[in-house]
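The chain contents come next:
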Amino acid sequence: MAQEEAELRGNVHIQAVHLRLGLLSGVVKDALRSSYEMACETTVLEGSRLIIEEIPVEIYCANCRTQRPVHSIQYFCCAECGTPSTEVVRGKELEVFALEIRE
Amino acid sequence: MSPEPRMVEVRKNVLKQNDVTARALREHFRAKGILAVSLVSSPGSGKTTFLEKTLTLLRPQYRVAALVGDLATENDAQRLARSGAPVKQITTGTLCHLEANMIQKALDGWNVDKLDFLFVENVGNLVCPSSYDLGEDLRLVLLSVTEGEDKPLKYPTIFNTADVAVITKMDLAAAVDFNEHALDQNIEAVRPRMRILKLSAKTGEGMHEFLDCLQKLQRSRPQAASAV
């Protein structure tokens, strides 16, 4: 995907890929890091850095009537008031957010 | 080359292609009145036995078919075919989960439009399948009584993406000192208000409650998943 973006922009050099990774995405940061390096070998991304921003899980709390962090992913309730909720607002992301390029 | 690097915003979902394919599948299933049900669990928790029983019990009344994913062998497809329902094996090679395009490919040239139910048995794995939408309307996560009551706490993400928890091998509950209350609490903690069904495909205990639930969903299509 990042490679396509580089080509779209006239074969610029990508120095870093910024990725947003939700804690509920099902993807493990360390595993992603090691596979990233392997996947980049012999491509335009070789030598680029992968910068991962971890996104915490947030739910909509019906009691607080607003978006709140979840107590933990083992205990799916509002961190403020303890009301259980299944409405996930944030935390499922697996998204290439930005690229650092040199033209 | 300019010396200063520059940031460009991209904002692209890595699994976008899978999500696009899954959405197309879901729309197709809904348009044809098919209830697509997927099954996820660890290896050995009884997906195939449970599905074989389900297909056998539904078949006299409904048009059913199944897709089954495995790394290798066609053993599961052969077992499921004993039910008399059409079954197709998806062999993933080294891949530990199914993806939406594999479902699409498996359905290619297979006329499923007249079906009432399409079942998709995922590869035995509680990690990676949670990231891939398969276009199903109902996702069942299976857990056998021999696996330990704390499994939902160890794999919260898969429970979070599933609609119903099916506890299998209830006929072995006493032998393994299965703590029903502890499991219920753990499921409630990772996914509040999740529906839990306890059954044994071997003895048939609890199977009718499950079939009732499926039939209700089938009738109330297309708002299937939300009706659980």
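This section reports on the structure supplied with the text. All values reported here derive from a predicted model rather than from experimental measurement. Numbers given for residues are sequential positions, taken from 1 along each chain in its written order. Working convention: letters from A go to chains and numbers from 1 go to ligands, in the order in which they are written. Local features in this predicted model are restricted to residues of pLDDT 70 or higher, and side-chain atom pairs are both shown and tallied only at a pLDDT of 80 or more, whereas totals for entire chains, interfaces and linings draw on every residue.

This part covers the overall build of chain A. When helices and strands are counted, chain A shows two helices and seven strands. For chain A, the sequential pattern of α-helices and β-strands runs α-β-α-β-β-β-β-β-β. Atoms counted for the radius of gyration: C-alpha only. Globule rule: 2.2 Å times residue count to the power 0.38. Expected size for 103 residues packed as a compact globule is a radius of gyration near 13 Å; at 18 Å, chain A overshoots this value by more than 25%. For chain A, the spread of C-alpha atoms along the principal axes amounts to about 50 × 25 × 15 Å. Field definition: a residue is buried when 20 or more other C-beta atoms are found within 10 Å of its C-beta, exposed when 12 or fewer are, and partly exposed for counts in between, with C-beta atoms placed from the backbone. Looking at chain A as a whole, 29% of its 103 residues qualify as buried. Counting only contacts in chain A whose residues sit at least 6 apart along the sequence, the fraction spanning at least 24 positions is 66%. Helix and strand assignments follow DSSP, with helices taken as H or I runs no shorter than four residues and strands as E runs no shorter than two, numbered in order from the N terminus. Think of it this way: build a C-beta for each residue from its backbone, and any pair within 7 Å is a contact.

Let us look at the overall build of chain B. If you tally the helices and strands in chain B, you get eight helices and eight strands. Over its C-alpha atoms chain B spans a radius of gyration of 19 Å, differing by no more than 12% from the 17 Å that the globule rule assigns to 228 residues. Seen through its principal axes, chain B has C-alpha atoms that stretch 70 × 40 × 35 Å. Within chain B, buried positions represent 47% of all 228 residues. For chain B, the share of sequence-separated contacts (at least 6 apart) that also reach a separation of at least 24 residues comes to 74%.

A set of buried Ala, Val, Leu, Ile, Met, Phe, Trp, Tyr and Cys residues, joined through C-beta atoms within 7 Å, is what we mean by a nonpolar core. If you look at the biggest cluster of nonpolar residues, it comprises 71 residues, and the most contacted ones within it are Ala66, Phe117, Leu118, Leu140, Val141 and Ala165 of chain B. What Val141 of chain B contacts, discounting residues up to four positions off in sequence, is Val40, Ser41, Ile158, Phe159, Ala162 and Ala165 of chain B. Ile14, Leu21, Val27 and Ile101 of chain A belong to the second largest nonpolar core, which has 10 residues in total.

Contacts between chain B and chain A engage 26 residues on the former and 25 residues on the latter. If you list the elements that add at least two residues to the side of chain B that touches chain A, you get β1 (6-13), α6 (156-161) and α7 (180-190) of chain B. Here the side of chain B that touches chain A takes eight residues from β1 of chain B, the largest share from any one element. Asp, Glu, Lys and Arg are counted as charged, while Ala, Val, Leu, Ile, Met, Phe, Trp, Tyr, Cys and Pro are counted as nonpolar; the rest, among them Gly, fall into the polar class. Across the side of chain B that touches chain A, the residue classes break down as 14 nonpolar, six polar and six charged. Pairing geometry for strand β7 (residues 94-102) of chain A and β1 of chain B, over six bridges, is antiparallel. From the neighbouring strand, Ile101 of chain A faces β1 of chain B, where its bridge partner is Arg6 of chain B. Two strands qualify as a pair provided DSSP detects at least 2 bridges between them.

Residue and element names in this part refer to chain B. Where helix α1 (residues 16-31) contacts helix α4 (residues 100-107), the axes come no closer than 8 Å and their chain directions differ by 45°. In this view, α1 runs oblique relative to α4, as classed from their interaxial angle. Across from Asn18, Thr21, Ala22 and Leu25 in α1, the residues of α4 making contact are Ala100, Asn101, Ile103 and Gln104. Residues belonging to the contact of α1 with α4 are distributed by class as follows: four nonpolar, four polar and no charged. Working convention: axes come from line fits to C-alpha atoms, limited for helices to the stretch in contact. Angles between N-to-C directions cover 0 to 180 degrees. Any angle between 65 and 115 degrees counts as roughly perpendicular, while under 35 counts as roughly parallel, over 145 as roughly antiparallel, and the rest as oblique.

Residues and elements named next belong to chain A. Taking strand neighbours across the sheet as the criterion, the four strands line up as β5-β4-β3-β6 in an open arrangement whose pairing is antiparallel. Looking at the sheet topology across the chains shown, the edges are occupied by β5 (75-78) and β6 (88-90). Taken over all neighbouring pairs, the strand axes of this sheet differ in orientation by 45° on average, direction set aside. Relative to β6, strand β3 (residues 58-61) runs antiparallel, the two sharing two bridges. Counterpart to Ile59 in the pairing with β6 is Val88.

Attention shifts here to α1 of chain B. Each full turn of the α-helix corresponds to 3.6 residues, which orients residues three or four apart in the same direction. All names here are of chain B. Here α1 is 16 residues long and its end C-alpha atoms lie 22 Å apart, about the 22 Å a rise of 1.5 Å per residue gives. Residues of α1 that are buried include every one of Thr21, Ala22, Leu25, Arg26 and Phe29, and no others. Along the axis of α1, the buried residues cluster in a sector spanning 140°; they form a single face. Exposed residues lying more than 90 degrees from the buried face of α1 are Glu27 and Ala31. If you follow the buried residues of α1, they end up packed against β2 (35-40), α4 and β5 (117-121). Phi for Gly33, located one or two positions after α1, is positive at around 75°. Multiplying 1.5 Å by the residue count of a helix minus one yields the expected span of that helix. This arc describes the spread of directions from the helix axis toward the C-beta atoms.

Taken in spatial order, the four strands make up an open sheet running β2(A)-β1(A)-β7(A)-β1(B), and their pairing is mixed. On the outer flanks of this sheet lie β2 (49-55) of chain A together with β1 of chain B, each paired with one strand and no other. Pairwise comparison of adjacent strand axes, ignoring direction, gives a mean angle of 20° for this sheet.

A word on α4 of chain B. Residues and elements named next belong to chain B. If you check which residues of α4 are buried, you get Ala100, Met102 and Ile103. Looking straight down α4, one finds its buried side chains confined to an arc of 160°; they lie on one side. Here the buried face of α4 lies against α1, β3 (64-70), β4 (87-91) and β5.

Turning our eyes to something else, we now look at unusual backbone geometry. For Thr73 of chain B, which is not a glycine, the phi torsion comes out positive at approximately 75°. With respect to the helices, strands and loops of the structure, Thr73 of chain B is situated in the loop between β3 and α3 (75-81).

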